[in-house]
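# Structure at a glance
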Amino acid sequence: MAGQKGELEKGITQNGAGFEGTEWNILGQRYFPKAVSDSAFAFETNSEPGQFVPVHIHPTQDEFILVQEGQLELKLDGQWFTARAGDLVRMPRGYFNKSDKPVKALFWVAPAGRLKALFEGLHNLTDVEEVVRLSAAHDVDFLPPSAND
């Protein structure tokens, strides 16, 4: 997926598809990797109503979300916000997000870190405790459920 020495490979990844046909099932949501390099990792998500990513932070990465369809509910610095189609969300290192609305969004993080390897490990995994353990081993920290309030 990446060029030599972790460089971004040129090309086009089609809408609704992952690079080289890759698709991951992460806690019931569909994830499609779009681009990978040492400096950034981009992926598309497709979430049905009621699906969300448990609250978490990326302590070593900045995260961006371009909402393509629907809306996301996000908690930034202790306050809830709504991002709608066309909005760009900027989350400096240490923030988290949650979605409970139908949504299609393009996420990207910088630097890429170990997020692609994490997604490969999470594919089809249903044990939430193992999701939390693997995530922590890949620099993504889940917060207590009370953070959803």
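Reference entry: report on the structure contained in this document. (Residues numbered from 1 in each chain as written. Predicted model: local features only at pLDDT ≥ 70, side-chain atom pairs only at ≥ 80, totals over all residues. Heavy atoms only, no water.)

In this section: helix H1 (residues 115-122). Here H1 has its buried residues at Leu115, Leu118, Phe119 and Leu122. For H1, the buried positions fall inside an angular range of 95° around the axis, keeping them on one side. At its buried positions, H1 is contacted by strand E1 (24-26), strand E2 (29-36), strand E3 (41-47), strand E9 (103-110) and helix H2 (128-137). In the segment just after H1, Asn124 is the residue with positive phi, at about 65°. (Buried < 20%, exposed > 50% of the residue type's maximum accessible area, 1.4 Å probe, protein only. Helix = DSSP H or I, 4+ residues; strand = E, 2+ residues; numbered from the N terminus. Arc of directions from axis to C-beta. Contact = heavy atoms within 4.5 Å.)

Turning our attention to the side chain of Glu73. Structurally, Glu73 can be placed in strand E5 (residues 62-76). Assessed through its relative accessible area of 16%, Glu73 is described here as buried. Within the local environment of Glu73, its side chain forms a polar contact with the side chain of Gln71, the two groups lying 2.7 Å apart. (Polar contact = N/O pair within 3.5 Å; in protein donor to acceptor, adjacent residues only side chain to side chain.)

We now examine unusual backbone geometry. That bond from Ala110 to Pro111 is cis: its omega, -5°, falls within 30 degrees of zero. Here Pro111 is to be found in the loop between E9 and H1. The phi torsion at Leu27 lies on the positive side, around 50°, for a residue other than glycine. Summarising the element assignment, Leu27 is placed in the loop between E1 and E2. For Asn124, which is not glycine, the phi torsion reads 65° and is therefore positive. By secondary structure assignment, the location of Asn124 is in the loop between H1 and H2.

What follows is about the packing of aromatic side chains. Evaluated as defined, the whole model comprises nine aromatic pairs. Between Trp24 and Phe41 the ring centres are 6.4 Å apart and the planes differ by 50°, which places this aromatic pair in the tilted class. Of this pair, Trp24 sits in strand E1 while Phe41 sits in strand E3, and the two are 17 residues apart along the sequence. In this structure Phe41 comes out as buried when scored by relative accessible area, which is 0%. Centroid distance Phe43 to Phe107: 5.2 Å. Interplanar angle 15°. Geometry classified as stacked. (Phe/Tyr/Trp six-rings, centres within 6.5 Å; stacked < 30°, edge-to-face > 60°.)

This brings us to the pairing of E3. A regular strand places its side chains so that they alternate between the two faces of the sheet. Of all seven residues that make up E3, seven are buried, and the element is covered over most of its length. On E3, burial covers both faces: Phe41, Phe43, Thr45 and Ser47 on one face and Ala42, Glu44 and Asn46 on the other are all buried. By the bridge criterion, six bridges tie E2 to E3 in an arrangement that is antiparallel. Residue pairing for E3: Val36 is matched across the bridge by Phe41. Taken together, E2 and the strand that follows it, E3, pair antiparallel across an intervening segment of four residues. Inspection of the sheet shows E3 paired to E9 by seven bridges, in the antiparallel sense. Bridged to Phe43 within E9 is Phe107. (Pairing = 2+ DSSP bridges.)

Here we come to a nonpolar patch on the surface. The grouping of Leu27, Val128 and Val132 at the surface amounts to a nonpolar patch, some 210 Å² of accessible area in total. With respect to the helices, strands and loops of the structure, Val132 is situated in helix H2. (Patch = residues over 30% accessible without salt bridge, like charges linked within 9 Å, V, L, I, M, F, W, Y side chains within 5 Å. Areas by Shrake-Rupley, 256 points an atom, 1.4 Å probe, with all protein chains shown as cover. Salt bridge = Lys/Arg side-chain N within 4 Å of Asp/Glu carboxyl O.)

Glancing now at the pattern of salt bridges. If you walk through the whole model with that rule in mind, you get four salt bridges. Notably, a salt bridge pairs Glu23 with Arg30, separated by 3.0 Å at the nearest N-O pair. Looking at Glu23, the relative accessible area reads 37%, which means it is partly exposed. Notably, a salt bridge pairs Glu130 with Arg133, separated by 2.7 Å at the nearest N-O pair. Of this pair, Glu130 and Arg133 are both found in helix H2, three residues apart, which corresponds to roughly one turn of the helix. Overall, Glu130 belongs to the partly exposed group, its relative accessible area being 24%. Taking relative accessible area as the criterion, Arg133 reaches 48% and is therefore assigned partly exposed.

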